[in-house]
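Geometric and topological summary
Chain by chain, the residues run as shown.
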Amino acid sequence: MAVPCAIALGSNLGNSRKTLQQALTALRQNCCIEVIAQSSLYQTVAVGPPQPDILNACALLKTSLSAQDLLNQLLATEQHFGRVRRERWGPRTLDLDLLFYGQAIITEAALHVPHPRLRERAFVLIPLAEIAPNWRDPVSGQSIQSLCQAVDPTGVQPLGPISAST
């Protein structure tokens, strides 16, 4: 049975728009993952050490993979696009975060679902509200739209569709 999931995508090294497009294409090529919807692209001031602004988006998926296998696929996709983890919240060619896996609450050493910081991040909630405003966070019970209204949107600028040329 396919499980609905939500992921966040981000990039601030190289041709970020192209990387995000290609990452979604790569996920679509996995027979166990169906990309149902993707948000617009947003430019966001980076969190962490000094670095370029980040391009962010979210996507809704359906998958027959387990949460751990989906996370492994996301990490493999990051590596395929040259992701190197040098410092926490440092610059990245591609960042893929598993936000929701159905309504599951998972707390394991290498897997936390829902993503533990999504409720405080406008750069996640704004694009997610665009494609899944009524999705309920299983921890708080609030809709994404409600969570989005509670965060400061400063620094999150809409850029239009991911596929648009720059």
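Residues numbered from 1 in each chain as written. Predicted model: local features only at pLDDT ≥ 70, side-chain atom pairs only at ≥ 80, totals over all residues. Heavy atoms only, no water.

Quick notes on the overall build of the protein chain
Put simply, the rule reads: Only DSSP runs of H or I covering at least 4 residues are called helices, and only runs of E covering at least 2 are called strands; the numbering of each starts at the N terminus. Atoms counted for the radius of gyration: C-alpha only. Globule rule: 2.2 Å times residue count to the power 0.38. Whether a residue is buried, partly exposed or exposed follows from its accessible area with a 1.4 Å probe, protein chains only, as a fraction of its type maximum: under 20%, in between, or over 50%, in that order. Residue contacts are defined here by distance: any two heavy atoms, one from each residue, within 4.5 Å place the two residues in contact. With residues, only the protein chains shown are counted as cover, and all accessible areas are computed by Shrake-Rupley using a 1.4 Å probe. Neither His nor the chain termini are counted; the positive set is Lys and Arg, and the negative set is Asp and Glu. Each charge is placed at NZ for Lys, CZ for Arg, CG for Asp and CD for Glu.
The helix and strand tally for the protein chain stands at four helices and eight strands. Starting at the N terminus, the α and β elements of the protein chain follow one another as β-α-β-β-β-α-β-β-β-α-α-β. Taken over the C-alpha trace, the protein chain has a radius of gyration of 15 Å; the compact-globule value for 166 residues is 15 Å, and the two agree within 12%. C-alpha extents for the protein chain along the principal axes are approximately 35 × 35 × 30 Å. Here the protein chain holds 166 residues, and 49% of them are scored as buried. Sequence separation of 24 or more characterises 68% of the internal contacts of the protein chain that already satisfy a separation of 6 or more. As displayed, the protein chain has an accessible area near 8200 Å², and 52% of this comes from carbon and sulfur atoms. Positive and negative side-chain charges in the protein chain, numbering 13 and 12 respectively, have mean positions lying 3 Å apart.

Things to note about the nonpolar core
Rule in force here: Grouping buried Ala, Val, Leu, Ile, Met, Phe, Trp, Tyr and Cys residues that are joined through side-chain atoms within 4.5 Å yields what is termed a nonpolar core.
Counting residues in each nonpolar core, the largest one holds 29 residues, and the members touching the most others are Ile7, Leu9, Leu61, Leu70 and Leu98. Taken together, the elements giving at least two residues each to this core come down to β1 (3–11), α1 (16–28), β2 (33–38), β4 (54–63), α2 (67–80) and β5 (95–101). Residue contacts for Leu98: discarding those within four places in its chain leaves Cys5, Ala6, Ile7, Ala67, Leu70, Leu74, Leu111, His112, Val113 and His115.

Some thoughts on α2
The following threshold applies: Here the expected span of a helix is defined as 1.5 Å times the quantity of residues minus one. Here the arc refers to the set of directions running from the helix axis out to each C-beta atom.
End to end, α2 covers 20 Å across 14 residues, agreeing with the expected 20 Å (1.5 Å per residue, within 8%). Ala67, Leu70, Leu71, Leu74, Thr77 and Glu78 are the residues of α2 that are buried. When α2 is viewed along its axis, its buried side chains cluster within an angular range of 120 degrees and face the same direction. Every exposed residue of α2 that faces more than 90 degrees away from the buried side is listed here: Gln79 and His80. Structurally, α2 contributes buried residues whose contacts are with β1, α1, β2, β4, β5 and β6 (106–107). The positive-phi residue at the C-terminal boundary of α2 is Gly82, with phi of around 85 degrees.

Looking at the pattern of salt bridges
We count it as follows: By convention in these notes, a salt bridge is any Lys or Arg side-chain nitrogen within 4 Å of a carboxyl oxygen on Asp or Glu.
Enumeration over the complete set of coordinates arrives at two salt bridges. The residue Arg92 makes a salt bridge to Asp95 at a minimum N-O spacing of 3.5 Å. We note that Arg92, like Asp95, is buried. In this structure, the salt-bridge partner of Arg119 is Asp137, at a minimum N-O distance of 2.6 Å. Residue Arg119 is found in the loop between β7 (112–113) and α3 (122–131), and its partner Asp137 is found in the loop between α3 and α4 (144–149); the two are separated by 18 residues along the sequence. Residue classification places Asp137 among the buried positions, given a relative accessible area of 1%.

Let's talk about the side chain of Asn56
To keep things clear, this is the line we draw: What qualifies as a polar contact is a pair of N or O atoms within 3.5 Å, subject to a donor-acceptor requirement within protein and to the restriction that residues adjacent in sequence count only when both atoms come from side chains.
Mapped onto the fold, Asn56 is located in strand β4. Judged by its relative accessible area of 7%, Asn56 is buried. At 3.0 Å, the side chain of Asn56 forms a polar contact with the side chain of Thr44. Discounting chain neighbours no more than four positions away, the residues touching Asn56 are Leu9, Gly10, Ser40, Leu41, Tyr42, Thr44 and Phe123.

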